[in-house]
Amino acid sequence: DHKPATAWTTERYRSFSKQGVGILLDLKSSVKLRQVLLTTTTPGMSAELRTSGSTAGPFARASETKRVSGTTSFAITGPAGRYLLVWVTGISADGTASIAEVTARR
């Protein structure tokens, strides 16, 4: 929506012992992506991208895990899918992670 103030934000964690937490995006049809840009307002979080043809999964890893600051580019190497999962694997120093924008490119 091009509005960083409308970012999706995780709960605040004192410690992050989960394997991850994420937000699921519906691409409306199966798409083979080549790149995804993630923009965060909480620099220092880490994330990877996963794809699936179903909301129930299974989800295939589609990118490497990266530390995200500002806008970070992810090369997509995984399979096509209708659903894109932004899987947060590490939080920022303030105990949260936020996703302000996701831009997917074919």
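Computed from a predicted model, the values in this text were never measured in an experiment.

Let us now look at the environment of E64. Among the structural elements, E64 can be located in the loop between strand 5 (60-61) and strand 6 (66-68). For E64, a relative accessible area of 52% puts it in the exposed group. When near neighbours in sequence (up to four residues on either side) are disregarded, E64 contacts A47, E48 and F74.

The next thing to look at is the sheet that holds strand 10 (residues 101-105). The strand order across the open sheet built from three strands is 7-3-10, with neighbouring strands paired in antiparallel fashion. Where the open sheet ends on each side, the last strands, each with one partner, are strand 7 (71-75) and strand 10. In this sheet, neighbouring strand axes are inclined to one another by 15° on average, regardless of whether the strands run parallel or antiparallel.

Scanning the entire structure with this criterion turns up one aromatic pair. Aromatic side chains Y13 and F16 sit 5.1 Å apart centroid to centroid with 80° between the ring planes, which places their arrangement in the edge-to-face category.

What follows deals with unusual backbone geometry. With an omega of 5°, the peptide bond between G57 and P58 qualifies as cis. Its place among the elements puts P58 in the loop between strand 4 (45-52) and strand 5. We note that H2 has phi near 60°; this positive angle belongs to a residue other than glycine. Mapped onto the elements, H2 comes out in the segment before strand 1 (8-9).

This part takes up the pattern of salt bridges. Within the structure shown, the criterion is met by five salt bridges. For R82, the salt bridge is made with D26, and the minimal N-O distance between the two is 2.8 Å. Here the residue R82 occupies a position in strand 8 (residues 81-90), and D26 occupies one in strand 2 (residues 21-31), the gap between them amounting to 56 residues. Exposure remark for R82: the relative accessible area of 29% places this residue in the partly exposed category. For D26, a relative accessible area of 33% gives the class partly exposed. With a shortest N-O distance of 2.8 Å, E48 and R50 are connected by a salt bridge.

The next point concerns the environment of I76. By secondary structure assignment, the location of I76 is in the loop between strand 7 and strand 8. The sequence separation of I76 and T9 amounts to 67 residues, and the corresponding C-alpha distance is 23 Å. Excluding residues within four positions of it along the chain, I76 makes contact with K32, L33, R34, Q35, V36, L49, A62 and S63.

Calculation criteria
- Chains are numbered independently. Their residues run from 1 in the order of the written sequence.
- pLDDT decides what is reported in this predicted model: residues at 70 or higher carry local features, side-chain atom pairs at 80 or more are listed and counted, and totals for whole chains, interfaces and linings draw on all residues regardless.
- Side-chain measures were taken over the full set of non-hydrogen atoms in the model, leaving aside hydrogen atoms and water.
- Segments assigned H or I by DSSP are reported as helices when at least four residues long, segments assigned E as strands when at least two residues long, and all are numbered from the N terminus.
- Burial classification: accessible surface area is computed with a 1.4 Å probe over protein chains only, and a residue below 20% of its type maximum counts as buried, one above 50% as exposed, and the rest as partly exposed.
- Should any heavy atoms of two residues lie within 4.5 Å, those residues are counted as being in contact.
- Strands are treated as partners if at least two bridges between them are detected by DSSP.
- For helices, the fitted line uses only the C-alpha atoms of the stretch in contact; every axis is such a line through C-alpha atoms, and the angle between N-to-C directions lies from 0 to 180 degrees.
- Between 30 and 60 degrees the pair is tilted, below 30 it is stacked and above 60 it is edge-to-face, where a pair is any two Phe, Tyr or Trp rings, Trp via its six-membered ring, whose centres lie within 6.5 Å.
- Criterion for a salt bridge: a side-chain nitrogen of Lys or Arg within 4 Å of a carboxyl oxygen of Asp or Glu.

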